[in-house]
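# Breakdown of the fold
One-letter residues, chain by chain:
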Amino acid sequence: MNGQAPASANADRTSPEALFFPNQRKDKGASGGKAVYGALRDSQTARKWIPRGGAAVVVAVVIGALTSDWRIGVTFGIATLVGLMVYFSRRESEIPRWRKPSAAQRKTEAQLKVMKQLGYRVLHARAVPGGNGQIDHFIVGRRGAFAIDSESWDKRLPLRNKLEQLYHGRFSKNERIDEALEEAKRAEELISAELGREIKVRASLAIYGPGMPWDSHRLRGVDIITGTKVRKWLRTGRDRLTETEIEEIHRAAEKVLPPRY
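One structure accompanies this document, and this report is about it. (Residues numbered from 1 in each chain as written. Predicted model: local features only at pLDDT ≥ 70, side-chain atom pairs only at ≥ 80, totals over all residues. Heavy atoms only, no water.)

## Structural notes on unusual backbone geometry
Put simply, the rule is: Comment: elements are numbered from the N terminus, with helices defined as DSSP H or I runs of at least four residues and strands as E runs of at least two. Each residue is placed in one exposure class: buried if its accessible area under a 1.4 Å probe, protein chains only, is under 20% of its type's maximum, exposed if it is over 50%, and partly exposed if it falls in between.
The phi dihedral of Ala-125 is positive, around 50°, even though this residue is not glycine. Along the chain, the position of Ala-125 falls in strand E1 (residues 121-127). Given a relative accessible area of 5%, Ala-125 falls into the buried group.

## A closer look at the pattern of salt bridges
Note on pairing: side chains with opposite charge can pair once their charged atoms come close. Basically, it comes down to this: By salt bridge we mean one thing: a side-chain nitrogen of Lys or Arg within 4 Å of a carboxyl oxygen of Asp or Glu.
For the structure shown, the criterion picks out 14 salt bridges. In this structure, Arg-156 and Asp-154 form a salt bridge, with 2.8 Å as the shortest nitrogen-oxygen distance. Judged by its relative accessible area of 71%, Arg-156 falls in the exposed class. Note that Lys-200 and Glu-198 form a salt bridge whose closest N and O atoms lie 3.1 Å from each other. The class for Lys-200 is partly exposed, based on a relative accessible area of 48%. We classify Glu-198 as exposed; its relative accessible area is 61%. Each of the salt bridges in this network shares a partner with another, and the network as a whole consists of Asp-149, Glu-151, Arg-176 and Glu-179.

## As for the sheet that holds strand E5 (residues 166-168)
Applicable threshold: Strands are treated as partners if at least two bridges between them are detected by DSSP.
The sheet built from 3 strands is open, its strands ordered E4-E5-E6 with antiparallel pairing. The sheet is open, and its two borders are formed by strand E4 (159-161) and strand E6 (171-172), each paired with just one other strand. Where E5 meets E6, 2 bridges bridge the pair, whose relative direction is antiparallel. When the sheet's bridge partners are listed, His-168 is paired in E6 with Phe-171.

## As for the sheet that holds strand E3 (residues 144-152)
Strand pairing in a sheet relies on backbone hydrogen bonds, with the paired strands running either antiparallel or parallel. As a reminder, the rule being used: Note on geometry: axes are lines fitted to C-alpha atoms, helical ones only across the stretch in contact, with angles between N-to-C directions running from 0 to 180 degrees. Note on definitions: a residue-residue contact is assigned when non-hydrogen atoms from the two residues lie within 4.5 Å.
Strand order in the open sheet made by the 6 strands is E1-E2-E3-E7-E9-E8, with mixed pairing throughout. For this open sheet the edge positions go to E1 and strand E8 (216-219), each flanked by a neighbour on one side alone. Taking each pair of neighbouring strands and ignoring which way they run, the sheet shows an average axis angle of 25°. Pairing analysis gives 8 bridges linking E3 to strand E7 (residues 201-208), with the strands arranged parallel. Bridge pairing in E7 links Phe-146 to Arg-202. Those strands touched by helix H6 (residues 103-117) are E1, strand E2 (134-141), E3 and E7, and its axis lies near 15° from that of E2. Packed onto the sheet, helix H7 (residues 174-195) meets E2, E3, E7, E8 and strand E9 (222-226) and runs at close to 145° relative to E7.

## Some remarks on the environment of Arg-202
We apply this condition: Think of a polar contact as two N or O atoms within 3.5 Å of one another; within protein, one of them needs to be a possible hydrogen donor and the other a possible acceptor, and neighboring residues in sequence only count if both atoms come from side chains.
Mapped onto the elements of the fold, Arg-202 is located in strand E7. Spatially, the C-alpha atoms of Arg-202 and Ile-148 are 8.4 Å apart, while their sequence positions differ by 54 residues. Setting aside its immediate chain neighbours within four residues, Arg-202 contacts Ala-145, Phe-146, Ala-147, Arg-218, Asp-223, Trp-233, Thr-236 and Gly-237. Among the polar contacts listed, one links the side chain of Arg-202 to the side chain of Asp-223, at a separation of 2.6 Å.

Here is the structure:
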C-alpha cells in the first residue's frame, strides 16, 4: 500500500488537465475527462483556436483531395495555421475590445509580447491619478521600469533635434515630451510610495513613421526611440532588478495605476 501512494500522487500531478491547464481550479468529484472538457470550454484561448485549427484541417483535406497527395494537403494545412497565428497575433490586443488601441500602440504591444516571454511584466493603457494623462505601456523587467507612449507621426516630415528641442518638420513636439516625462515621474512617485522605497521609471516616446538618425536619443529627460526598436531599447536599462523586485513593482503599478478603460 505504501509503495503505491507516491505513484498515485505522481499520476495526479501529471494528469492531462494538470499538464495543459495548471492554473485551472480542480473539482475532486470530476473525472479527468470532464476536467479537461471543462478547462477547454472555459479557456478563451481554446475557444479562439478551435475554429482556426478547424479551418486549417479543412484546407488540408480539400487540398489533399484535389492533389491526391495527403502530404501536400498537410503542408497547406500547416501553412494556413501558421498564417492565422501570425495574422491574429498582430491584431489581438490586451486593451478591451470596445476601446481599440491606436495603430502605434498595437505595434508596440506586439513587440512587448516577446518581452513578456523573457520575464518582463507589462501593463497597457494605465491612467495616472492626479492628471488626465495615460501611460500607453508600463514595463518592468531585469533592466528596470519603463513608461512608453506610442505615437504615429507623418512619415513625410523629418524628425530633428535642434538645441534640445524636438521638431517634426516645423512643428515643435516639446509639449508632448514634457507630458511623457510628467506621466513617468508621477508613476514613479505613486509606485515608490506604495512600495515604501524609491524606484526609477524611465520615460520614452516610441515614434512610428518619420525616419530618425538614431535608434534612441535622450532629450529633456525622455528617450525618443524608433518605434520598431522598442525591444532593443528595453535592454539598455542600467538597473539590475531581481525577480522579487520585478514582481513587487508590477503589483504596485497594477494597484496605483488603474486601467484607463
